[in-house]
Amino acid sequence: PHLATCVDTHDFERAARLTMPAPTWSYVSSFANGGHSMQGNLDSWNTITFRPRVLRDITKVSTETSILGQASSLPFYISPMGLLGRSHEHAELALVRGLVRSGAHAVISTVSTRPMEDIATTLRDCVVQEAGGPLPQLHFQLYTRPEQEPTLNYIRRAKAAGYKSLWVTVDTPLLGKRTIDRRHMAQAALAIGSEQQASNLSLGIQSFTTQAQNGALKWEDLKWIKEAWGGPLVLKGIQTAEDAKLAVDCGCEGILLSNHGGRQLHSAPSALSTLVEIRLHCPEVFDKLQVFVDGGLRDGADVLKALCLGAKAVGVGRPFSYALSAYGTAGVERCVDILAEELRTAMALVGITSLDQVHPDLVNASRLLNE
Ligand code: FNR
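Each residue is numbered by its place in its chain's sequence as written, counting from 1. Restriction of local features to residues with pLDDT of at least 70 applies here, the model being predicted, together with a cutoff of 80 or more for giving and counting side-chain atom pairs; totals for whole chains, interfaces and linings are based on all residues. Hydrogens and water are ignored here; the side-chain numbers use all heavy atoms of the structure.

Chemist: An account of the sheet that holds strand β9 (residues 254-257) is requested, with residue identities and associated values reported.
Modeler: Spatial strand order, β4-β5-β6-β7-β8-β9-β10-β11: 8 strands in a closed barrel with parallel pairing. Going from strand to strand, the sheet's axes swing by 30° on average, the running direction of each strand aside. For two strands to be treated as a pair, DSSP must find at least two bridges joining them. Runs of E in the DSSP output that reach at least two residues are strands. Runs of H or I that reach at least four are helices, and both are numbered from the N terminus. Bridging between strand β4 (residues 76-78) and strand β11 (residues 313-316) involves 3 bridges; their strand directions are parallel. Its bridge partner lying in β11, F76 is registered against V314. Any two residues whose heavy atoms approach within 4.5 Å are treated as being in contact. Each axis is a line fitted through C-alpha atoms, taken for helices only over the stretch in contact, and angles between the N-to-C directions span 0 to 180 degrees. Strands β4 and β11 of the sheet are contacted by helix α14 (residues 318-350), whose axis makes an angle of about 170° with β4.

Chemist: Describe the site of the ligand, with residues and values.
Modeler: Nearness of a residue to a molecule or strand requires only that one of the residue's heavy atoms be within 4 Å of it. Near the ligand lie 23 residues; those nearest to it are P80, S109, T169, D294 and R298. Any pair of N or O atoms that falls within 3.5 Å is considered a polar contact. Within protein, one atom must be able to donate a hydrogen and the other to accept it, and sequence-neighbouring residues count only if both atoms are side-chain atoms. One nitrogen or oxygen atom from the side chain of S109 is found 2.7 Å from an oxygen atom belonging to the ligand. Here a nitrogen atom of the ligand and a side-chain polar atom of Y143 are 3.0 Å apart. Accessibility throughout is a Shrake-Rupley quantity obtained with a 1.4 Å probe, and a residue counts as covered only by protein chains that appear here. Against a free-state accessible area of 600 Å², the protein chains account for coverage of 98% of the ligand. Note that Gly is not counted as nonpolar here; it falls among the polar residues with everything else outside the nonpolar set of Ala, Val, Leu, Ile, Met, Phe, Trp, Tyr, Cys and Pro and the charged set of Asp, Glu, Lys and Arg. For the shell around the ligand, a count of residues per class yields 7 nonpolar, 11 polar and 5 charged.

Chemist: Tell me about helix α1 (residues 10-19), residues and numbers included.
Modeler: Type-normalised accessible area, obtained with a 1.4 Å probe on protein chains alone, sets the label of each residue: buried when under 20%, exposed when over 50%, and partly exposed for intermediate values. Taken residue by residue, α1 has D11, F12, A15 and A16 as its buried positions. The buried residues of α1 occupy one face: seen down the axis, they fall within an arc of 130°. Among the exposed residues of α1, those oriented more than 90 degrees off its buried face are R14, R17 and L18. Of the surrounding elements, those touching the buried residues of α1 are α2 (22-29) and α14. Regarding the arc, it is the one traced by the directions from the helix axis to the C-beta atoms.

Chemist: Give me the lowdown on the nonpolar core, citing residues and values where you can.
Modeler: Counting 96 residues, the largest nonpolar core has L138, Y163, I255 and V293 as the members making the most contacts within it. Element by element, the count of residues in this core is highest for α14, at 15 residues. Sequence-distant contacts of I255, that is, excluding residues within four places in its chain, are made with V234, L235, I238, A244, A247, I278, V285, L289, Q290, V291 and F292. Nine residue types can take part in a nonpolar core, namely buried Ala, Val, Leu, Ile, Met, Phe, Trp, Tyr and Cys, and a core is a set of them joined through side-chain atoms within 4.5 Å. Counting residues in each nonpolar core, the second largest holds 9 residues, with Y77, V107, V234 and L256 among its members.

Chemist: Can you lay out the state of the cysteines for me, pointing to particular residues and giving the numbers?
Modeler: The disulfide criterion used throughout: a pair of cysteine sulfur atoms within 2.5 Å. Applying the stated criterion across every chain yields a total of 0 disulfides. Its sulfur unpaired, C250 is 5.4 Å from the next cysteine sulfur, which belongs to C252. Since its relative accessible area comes to 29%, C250 is described here as partly exposed.

Chemist: Would you mind going over the packing of aromatic side chains in detail, with residue names and values included?
Modeler: Centre distance within 6.5 Å is the pairing criterion for rings of Phe, Tyr and Trp, where only the six-membered ring of Trp is used; planes under 30 degrees apart are then read as stacked, over 60 as edge-to-face, and the remainder as tilted. The tally for this structure, following the rule as stated, stands at 6 aromatic pairs. Summarising the aromatic geometry, the rings of F140 and Y163 are spaced 5.5 Å apart at their centres and angled 65° between planes, so their arrangement reads as edge-to-face. Taken together, the positions of F140 in strand β6 (residues 138-142) and Y163 in the loop between α6 (148-160) and β7 (166-169) put the pair 23 residues apart, joining distant regions of the chain. The exposure class of F140 is buried, given its relative accessible area of 2%. Under the relative-accessibility criterion, Y163 is labelled buried at 5%. Each member of the aromatic cluster is reached from another via a ring pair, and the members are Y77, W167 and F292.

Chemist: Requested: an account of the pairing of strand β8 (residues 233-238), with residues and values cited.
Modeler: Of all 6 residues that make up β8, 6 are buried, and the element is covered over most of its length. The pairing of β7 with β8 spans 4 bridges and is parallel. Opposite L166, over in β8, you have L233 as the bridge partner. The pairing of β8 with β9 spans 4 bridges and is classified as parallel. For K236, the partnering residue across the bridge sits in β9 and is L256. Look down the strands so they point away from you; if going from the first strand over the helix to the second traces a clockwise path, that crossover is right-handed. The parallel pair β8 and β9, bridged by helix α10 (residues 241-249), forms a crossover whose chirality is right-handed.

Chemist: Any details on the pairing of strand β5 (residues 105-108)? Residues and values, ideally.
Modeler: Both faces of β5 are covered, namely the face carrying H105 and V107 and the face carrying A106 and I108. Taking the sense of rotation as the criterion, the β-α-β connection linking β4, helix α4 (residues 91-97) and β5 turns out right-handed. Strand direction decides the pairing type here: β5 and β6, joined by 3 bridges, are parallel. When the bridges of β6 are listed, I108 appears paired with F140.

Here is the structure:
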C-alpha cells in the first residue's frame, strides 16, 4: 500500500505484515504466553470515554510539553525497541531521522543494532537549528548486565553521547515466554534437522536472548546506577502502587507504567489499571515524579486519555517498528504525524487548547476509579 493511504497507526501493521520477513514479524509482534497481556493493553484504552466540554474557543491548539526537563513538541515518544536492524537496513539511524521534522523524542534501546553514539550523531547532524519548535531529543534505555563494569560502561557511553535521561528496565529480570517467537525458532531448527534444538528453543532453553538478562538486579542497585548516571532516572516497567512509592523513595525522576507491551508477564496489569491504582492509593506520587505509560496506545485520543489521568507523556512501540519496516524514515514521520493530528483533534473536541488544561474530569473513568 502507498504511504499516503496510511490513515491510522493500524495501517502500518497491515503494511508490515505484507512486507516483513517472517522472523522479524514474529519478533516484533510477539507477546507473552496466550497474548492476554498484549490484548488487554489494546482493549484498556477503549474502556474510557471523554467528557467533552463545548463552546470554548479552540482555534489554536498546542501539543507542547516537557519530558524530564526537556521541551518536547509532543506528549508521546517512540518506545525503546531492540534489534531494529531486523526491521530496516539502517535500523535506528533511519528511525531517528524520522524525528527531525516533528521534534518528537525517542528512547533508544540497549540492544540497538547500531552503536548508541552513531544514533546520537545521526540525529544531531540532521537537526537544523531553525527558529521555532522544540528539538528532538534522545533518552537511553538500560538493560543492566550481571556484572557491574559493563553496565557502568553503557552508562558512561550514554552520558558522553548526550542522552538526556536513563530509563532502567525493571520488568525483565528474565525473558518472558514469547510464544510466536518460540514457535518460529523451533520450526527453523526443525527445518535444518535439529529436533533437540527445536525442543529446547520452544521450551525457552538456549535462546540467544535469555543470556542477556540480569535476574539479580535489586532496589539497592539503583543507588550506584543513579550516582554513575548523574541525571534524570526513570524506572521502566512499574506495575503496582507499592513499587511506584518505592521509586519515589529512591529519588527517581520518573516511572514508566508498562508491562513491556504484553511481552513479559502473562496477565500483567495494563498501564491504565496501574495508573488508576496509583491515583486511588498514592496520588502524591504524581507530584513527586513524572509518570509515563506505554502499551497498546494506538490513537492520539488514547494519548490524551492517559494525560488526563496524570501521565506526563506516553510511549508508542510496535507501530513505529512496523512503519519503519514498511516505509523507512518516511513511515516514522507519518506515524508521528498521524498520532499528533489525532491528538490535536481530540484536544479541540474535548475543549482544551494546551496540555496544561488536561484534567481527570475530561474523562469518564468512574468505572475504573470505583473498583
Ligand atoms: C520492546 N520493548 C523493549 N523494552 C525495553 O526496555 N528494551 C528493549 O530493548 C525493548 N525491545 C522491544 C522490542 C520490540 C520489538 C517490542 C515490540 C517491544 C518494550 C517497549 O519499549 C514498550 O514497552 C512496548 O513496546 C510498548 O507497547 P506497544 O506500544 O508496543 O503496545
